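Chain residues, written in single-letter form:
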Amino acid sequence: MRVLVIGSGAREHALLLALKRDPQVTGLAVAPGNAGTALIADQHNVDVGSADAVVALARSIAADLVVIGPEVPLVLGVADAVRAAGIACFGPGKDAARIEGSKAFAKDVMTAAGVPTAISEMVDNPAHLDAALNRFGPAAGQQAWVVKDDGLAAGKGVVVTADRDAARAHAASLLDDGHPVLLESFLDGPEVSLFCVVDGETVVPLLPAQDFKRVGDGDTGPNTGGMGAYAPLPWLPDAITDQIVNDIVKPVAAEMVRRGSSFSGLLYAGLAITSAGPSVVEFNCRFGDPETQSVLSLLESPLGQLLHAAATGSLDEVEPLRWQPGAAVTVVIAAEHYPGRPRVGDVITGSEAAGVLHAGTARRDDGAVVSSGGRVLAVVGTGLDLAAARAAAYTTAGAVRLPGSHFRSDIALRAERGEISV
Ligand code: GLY
């Protein structure tokens, strides 16, 4: 099986590494990729937002399966075009990708499916903003305001704050840019990312994971695309994972089928485990980053066969997934000034070590690996428990050199100390 992976992050690097372990995968290609993925897959520099370009590439390399990593090509309908060309594709079509592309659509699906989620209100007129802010956050007895961009924002469109001025300023700047704003009630409780391979009403959950969205230790500073992750979650009872699958993901998948937007691909449920049970923060239409790096590092089952089955209507025939025992911890190394305006072009050393996945990297003409984005590397450590996995990840991260870079030092620390409970 020849597989083409679309994307250029550490998530795609993790997908490629897991695909490479599948004995049925005989060829790997990636577009556009990065300096790390170039070492394990044929690299093609195409515009991945262009359905024509992706289809032409898939045809030219005789791909048997295309796996689309990021949300933007999915929301643009690239998966539909690949399937229309007669090539198996892992990733939802444009209609189904609205579960991530439009938060208002996602809320509508969840309401129809009877799935618990935050109360929300859409504001598209600045004149209505102040009254709407009064119905949320501390003004309404909640811990914080949750202000979201209704469309795609790479994780950075969300501000969670108890400061009304900050909440208002974020909402006003989104509205100024012509983006509708979603105000949501704050969901208290530890967050869980549960990735499910879905085809229609067939749902195969992967290991639950947790990511760290704030830039600084102790969950301080602005939101980012994700600064680290770990899997599985020792504090999450299996019964709650089953509850998420049966009471949340399956009803949503069934509702998507019912409304003619059947989902095929990776349905990512982002949840808070509140005192009233799991409640949905958001759905995404693709593998999450950086959780994928932790989750797939523990997958023993052949990933290519799993994704191909989902893409070709035989997901219900796949054997139960097998996982390596123990834990995985991912630490993201970010460029100076990330998540603001990251500095790029710095030389990186140590990025070829085992467990170092590449995201914002490029190879310079002289052969040096340089930073080319905000999240530069994702370092994965595995071990028999979280303490061992953290030690492995931080030892490797500490050996990487990138001027001005920063990473969080507390990924999975509270879980290792047993400080999280539901
Ligand atoms: N881990 C957050 C995301 O992938 O959106």
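Residues numbered from 1 in each chain as written. Predicted model: local features only at pLDDT ≥ 70, side-chain atom pairs only at ≥ 80, totals over all residues. Heavy atoms only, no water.

The name an unreviewed UniProt entry assigns to the protein is Phosphoribosylamine--glycine ligase, from the organism [Mycobacterium] burgundiense. UniProt, in the comment section headed Catalytic activity (unreviewed entry), describes the protein in these words: "5-phospho-beta-D-ribosylamine + glycine + ATP = N(1)-(5-phospho-beta-D-ribosyl)glycinamide + ADP + phosphate + H(+)". (UniProt positions renumbered as here; feature names shortened; annotations may be inferred.)

A. Representation of the sheet that holds strand β11 (residues 202-205) within the structure. The 4 strands are arranged β11-β10-β16-β17 in an open sheet whose pairing can be described as antiparallel. Single-partner strands in this sheet number two, and they are β11 and β17 (277-284). Adjacent strand axes in the sheet meet at a mean angle of 35°, parallel and antiparallel pairs treated alike. Where strand β10 (residues 191-199) and strand β16 (residues 264-274) come together, 9 bridges link them in antiparallel fashion. Across the sheet, Val-192 pairs through a bridge with Leu-271, a residue of β16. (Pairing = 2+ DSSP bridges. Helix = DSSP H or I, 4+ residues; strand = E, 2+ residues; numbered from the N terminus. Axes fitted to C-alpha atoms, helices over the stretch in contact; angles between N-to-C directions.)

B. A look at the site of the ligand. Close contacts around the ligand come from Asp-211, Gly-225, Tyr-268, Asn-284, Arg-286, Gly-288, Asp-289 and Glu-291, and that covers them all. In this structure, Tyr-268 approaches the ligand through a side-chain N or O atom, which is 3.3 Å from a nitrogen atom. At 2.8 Å from an oxygen atom of the ligand is found a side-chain nitrogen or oxygen belonging to Arg-286. Considered on its own, the ligand offers 200 Å² of accessible surface; in the complex 91% of this is hidden by protein. Partitioning the shell around the ligand into residue classes produces 1 nonpolar, 3 polar and 4 charged. (Near = heavy atom within 4 Å. Polar contact = N/O pair within 3.5 Å; in protein donor to acceptor, adjacent residues only side chain to side chain. Areas by Shrake-Rupley, 256 points an atom, 1.4 Å probe, with all protein chains shown as cover. Nonpolar A, V, L, I, M, F, W, Y, C, P; charged D, E, K, R; others polar.)

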